[in-house]
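Summary of the model geometry
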Amino acid sequence: MRIAILGYGKMGKVIEEIAKSRGHSIVIKTDSDNPTCDIKQVDVAIDFSSPHIAFNNITMCFKNGVPVVCGTTGWLDKYDRAVEICKNHNGGFIYASNFSLGVNLFFQLNEHLAKIISKNNQYKADILDIHHKQKLDTPSGTAIKLAEGVIRYSNYKSWELTEAENQNVKAHTIPVFAERIDDVTGTHRVRYAGETDEIYIVHKAHNRKGFALGAVIATEWLKGKTGVFSMREVLNIR
Ligand SMILES: NC(=O)C1=CN([C@@H]2O[C@H](COP(=O)(O)OP(=O)(O)OC[C@H]3O[C@@H](n4cnc5c(N)ncnc54)[C@H](O)[C@@H]3O)[C@@H](O)[C@H]2O)C=CC1
Ligand SMILES: O=C(O)C1=N[C@H](C(=O)O)C[C@H](O)C1
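Residues numbered from 1 in each chain as written. Chains lettered and ligands numbered in written order. Predicted model: local features only at pLDDT ≥ 70, side-chain atom pairs only at ≥ 80, totals over all residues.

So, the packing of helix H4 (residues 101–117) against helix H5 (residues 141–152)
To keep it simple, the criterion reads: Between N-to-C directions, angles span 0 to 180 degrees; the directions come from axes that are lines fitted to C-alpha atoms, helices contributing only their stretch in contact. Helix numbering and strand numbering both begin at the N terminus, where a helix is a DSSP run of H or I of at least 4 residues and a strand a DSSP run of E of at least 2. Throughout, the term roughly parallel applies to angles under 35 degrees, roughly antiparallel to angles over 145, roughly perpendicular to angles from 65 to 115, and oblique to all others. Each crossing is labelled by how the near helix is turned from the far one, with a counterclockwise turn of less than a right angle marking it left-handed and a clockwise turn marking it right-handed. Residues are scored as being in contact if the C-beta atoms we place from backbone atoms lie within 7 Å. When residues are sorted by character, Ala, Val, Leu, Ile, Met, Phe, Trp, Tyr, Cys and Pro go into the nonpolar class, Asp, Glu, Lys and Arg into the charged class, and all the rest, Gly among them, into the polar class.
Here H4 crosses H5 at 30°, and the two axes come no closer than 8 Å. In terms of their interaxial angle, H4 and H5 are classed as roughly parallel. For the pair H4 and H5, the crossing hand works out as right-handed. Only Thr142, Lys145, Leu146, Gly149, Val150 and Arg152 of H5 make contact with H4, whose side of the interface consists of Val103, Phe107, Asn110, Glu111 and Ala114. In the contact of H4 with H5, the residues fall into five nonpolar, three polar and three charged.

As for the site of ligand 2
Filter applied, for reference: Each residue receives a C-beta atom placed from its backbone. It is near a molecule or strand if this atom lies within 6 Å of it. How far each domain reaches was decided by an automatic or database domain assignment.
Thr73, Ser97, Asn98, His131, Lys135, Ser140, Gly141, Thr142 and Gly186 make up every residue found near ligand 2. Broken down by class, the residue content of the shell around ligand 2 amounts to no nonpolar, eight polar and one charged. Both domain 1 (2–99 + 209–234) and domain 2 (101–205) contribute no fewer than three residues apiece to the shell around ligand 2.

Here we look at H4
Heads up, the condition is: Multiplying 1.5 Å by the helix residue count minus one yields the expected span of that helix. Neighbour density around each residue's C-beta defines its exposure: 20 or more other C-beta atoms within 10 Å make it buried, 12 or fewer make it exposed, and counts between make it partly exposed, where C-beta atoms are placed from the backbone.
End to end, H4 covers 24 Å across 17 residues, agreeing with the expected 24 Å (1.5 Å per residue, within 8%). Every buried residue of H4 is accounted for by Val103, Asn104, Phe106, Phe107, Asn110, Leu113, Ala114 and Ile117. Where H4 is buried, its residues contact H5, strand E9 (186–193), strand E10 (198–205) and helix H7 (231–234).

With respect to the packing of helix H1 (residues 10–21) against helix H6 (residues 209–222)
Look at H1 against H6: their axes get within 9 Å of each other, and the N-to-C directions meet at 60°. With respect to each other, H1 and H6 are oriented oblique. Between H1 and H6 lies a crossing whose hand is right-handed. Every residue of H6 that contacts H1 at Met11, Val14, Ile15, Ile18 and Ala19 is listed here: Lys209, Phe211, Ala212, Leu213, Ala215 and Val216. Grouping the constituent residues of the contact of H1 with H6 by class yields 10 nonpolar, no polar and one charged.

Considerations on the nonpolar core
Cut-off, in case you're wondering: Defined on buried residues, the nonpolar core groups Ala, Val, Leu, Ile, Met, Phe, Trp, Tyr and Cys residues joined through C-beta atoms within 7 Å.
By size, the foremost hydrophobic cluster in this structure holds 39 residues, and its most contacted members are Ile15, Ala45, Ile46, Val68, Val69 and Ala215. The greatest single-element share of this core, amounting to six residues, is contributed by H6. When near neighbours in sequence (up to four residues on either side) are disregarded, Val68 contacts Ala45, Asp47, Ile58, Cys61, Phe62 and Phe93. By size, the runner-up hydrophobic cluster in this structure holds 17 residues, among which are Leu113, Ala114, Ile127 and Tyr192.

Looking at the confidence of the model for the protein
Let me state the cut-off plainly: The score called pLDDT rates the predictor's confidence residue by residue, from a low of 0 to a high of 100.
For the protein, mean pLDDT is 97; residues scoring 70 or higher make up 100% of the total. Per the prediction output, this complex has pTM 0.97; the corresponding ipTM is 0.99.

Side note on the sheet that holds strand E7 (residues 158–162)
So the rule is basically this: Any two strands between which DSSP finds at least two bridges are classified as paired.
Spatial strand order, E7-E8-E6-E9-E10: five strands in an open sheet with mixed pairing. Two strands lie at the open edges of the sheet, namely E7 and E10, each paired on one side alone. Neighbour-to-neighbour, the strand axes of this sheet turn through a mean angle of 20°, independent of strand direction. Pairing geometry for E9 and E10, over eight bridges, is antiparallel. Each bridged residue has a counterpart across the sheet, and for Arg191 the counterpart in E10 is Tyr200.

Observations concerning the domain arrangement of the protein
When its domains are assigned, the protein resolves into domain 1 (2–99 + 209–234) and domain 2 (101–205). The distance between the C-alpha centroids of domain 1 and domain 2 comes to 27 Å. Contact with domain 1, which involves nine residues of that partner, is made by 12 residues of domain 2. Split by residue class, the side of domain 1 that touches domain 2 holds two nonpolar, seven polar and no charged.

Focus: the pairing of strand E5 (residues 92–95)
On any regular strand, side chains alternate: one points to one face of the sheet, the next to the other face. Put simply, the test is: Handedness of a crossover: with both strands directed away from the viewer, a clockwise path from the first strand across the helix to the second marks it as right-handed.
Along E5, one buried face is formed by Gly92 and Ile94 and the opposite face, lined by Phe93 and Tyr95, is buried too. Here strand E4 (residues 68–70) pairs with E5 via three bridges, running parallel. Residue pairing for E5: Val69 is matched across the bridge by Ile94. Since E4 and E5 lie parallel, the crossover through helix H3 (residues 79–88) that links them has a hand, and here it is right-handed. Here three bridges tie E5 to strand E11 (residues 227–229), and the two strands are oriented parallel to one another.

This is how it looks when you write it as structure tokens:
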């Protein structure tokens, strides 16, 4: 496939390597110094850019008939509008806050754990996201999706970003704490703390290859399809 990488940064570079190793051509690479391109020449665009520009990148692709795989986080207040524009142009779209297989399994585990623990009121949930210091959005897109998974299967109604770990929040709210530490690719922990013990599930990314491979697999899966999809469909998770 002829691929455009919109946002040739840390992720864009790993995606290029993996896409090439699977026989694809990278014909466009944009970044903040070279943001414009003739998008019509590609089969699909992969956006891993920046929260402030992702919506413009994505909708520019839909308007030019180019399907999009997007991993940029921190812009989801405009997600519904992007979906509407995609549908109006009969386009193809996959967004995922995290493309790695491991995290998509972790999302399932998180929902299962929420379901079984919600039958028992003795434990309080909280979420921790740890990333490198260059990350622009807080909390991470993955942490938000984990919180939404807990909310779907428990009595929690909302989540709140806290300034410290173990900070108290209002009832039925999940505290989400984000730490930014040099060189951490991405760690997410969901904890259930009780009076006498606690239960943790943790996912640690060792490098960016898992995210990039997932994004390239999603790109291959999207070929020839129209509609709005998630990694659940790509990975055939029920
Ligand atoms: N969904 C997933 O699996 C993952 C998502 N991410 C997300 O992907 C995004 C990018 O992450 P990184 O590569 O680590 O960041 P980065 O900062 O290394 O790269 C971002 C790139 O976007 C470029 N950019 C900025 N403005 C632009 C514009 N107007 N047009 C085109 N490009 C522009 C920058 O120049 C830079 O090259 C972030 O939102 C991050 O949260 C990161 C890892 C995995
Ligand atoms: O910015 C990152 O690096 C990452 N961002 C994604 C997120 O916000 O969840 C995914 C991954 O954790 C790495």
